[in-house]
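Fold and geometry: a report
Spelled out, the chains give:
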Amino acid sequence: DGGITQSPKYLFRKEGQNVTLSCEQNLNHDAMYWYRQDPGQGLRLIYYSQIVNDFQKGDIAEGYSVSREKKESFPLTVTSAQKNPTAFYLCASVSVTANYGYTFGSGTRLTVV
Amino acid sequence: QQQVKQSPQSLIVQKGGIPIINCAYENTAFDYFPWYQQFPGKGPALLIAIRPDVSEKKEGRFTISFNKSAKQFSLHIMDSQPGDSATYFCAASMNFGANNLFFGTGTRLTVIP
């Protein structure tokens, strides 16, 4: 089945530690996105990438970094510079030609311990 | 600046009622308006979408009404069921969904048995 996979489902980070969230898709989608969702809140865009080896900052990029070395993969690193990283992180992808809108992964819940 | 404004923030209806969620936008270049449904701990899933060349679209119990002149669109859920209890997000984009989506802030719907 085609889809978008996020791992791990739950992640715990210690203070001052960098952690990386994985996002892989086998939909042959061109563009990929990372969103942050806080309890009872909407979706805030962190980073997005429309082609391999290129990405742009979203609304809340500070404290985060990404890479897009392969079309299928768009990992997100939450760095120690992100002071309030506890949130639900969602990855999404879209085909720029198929007009079917976003497909979301099932999310990673990150908690600072 | 919120590109898409969504209301209400939360909504409680009795089973069988017809909850209505409203969204408004300013950018007349938007040409794709999807609705996403999100259950707790899950990623959003595309529910239904409309393009501005039609005023209404139905899929099962879900209907989008679109008013191009008023720059507003709404989601109606007919014969609502407890299983419809979820958070609903409206969104808008250009290029028929192939570009970045701008999300509303979400509506938490509760359907009481």
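Residues numbered from 1 in each chain as written. Chains lettered and ligands numbered in written order. Predicted model: local features only at pLDDT ≥ 70, side-chain atom pairs only at ≥ 80, totals over all residues. Heavy atoms only, no water.

1. Structural notes on the pattern of salt bridges
Residues and elements named next belong to chain A. Rules: Here a salt bridge means any side-chain nitrogen of Lys or Arg lying within 4 Å of a carboxyl oxygen belonging to Asp or Glu. A run of H or I in DSSP counts as a helix once it spans at least four residues, and a run of E counts as a strand once it spans at least two, with each numbered from the N terminus.
Enumeration according to the criterion identifies 6 salt bridges over all chains in this entry. In this structure, D30 engages K71 in a salt bridge whose closest nitrogen and oxygen atoms are separated by 3.6 Å. Of this pair, D30 sits in the loop between β3 (19-25) and β4 (31-37) while K71 sits in the loop between β7 (64-66) and β8 (76-78), and the two are 41 residues apart along the sequence. Linked by salt bridges that have partners in common, R36, D38 and R44 make up one network.

2. Topic: unusual backbone geometry
So the rule is basically this: A simple rule labels every residue: compare its accessible area, found with a 1.4 Å probe on the protein chains alone, to the largest value its type can have, and call it buried under 20%, exposed over 50%, or partly exposed in between.
Across the junction of S7 of chain A and P8 of chain A, the peptide omega takes the value -10°, indicating a cis bond. Mapped onto the elements of the fold, P8 of chain A is located in the loop between β1 (4-7) and β2 (10-13). A positive phi angle, close to 60°, is found at N28 of chain A, a residue other than glycine. Counting through the fold element by element, N28 of chain A comes out in the loop between β3 and β4. Using a relative accessible area of 56% as the deciding quantity, one classes N28 of chain A as exposed. Of note, the phi angle at D79 of chain B is positive, near 45°, even though the residue is not glycine. Mapped onto the fold, D79 of chain B is located in the loop between β8 (72-77) and β9 (86-92). A relative accessible area of 42% places D79 of chain B in the partly exposed class.

3. Quick word on the pairing of β2 of chain A
The side chains of a regular strand alternate, residue by residue, between the two faces of the sheet. All names here are of chain A. Quick reminder of the rule: When DSSP finds at least two bridges between two strands, those strands are taken to pair.
Side chains of β2 alternate between two faces, with L11 and R13 buried and Y10 and F12 left unburied. As paired strands, β2 and strand β11 (residues 108-112) are joined by 4 bridges and run parallel to one another. Across the sheet, residue R13 finds its bridge partner in β11, namely V112.

Function cannot be inferred from these measures alone, as they are strictly geometric.
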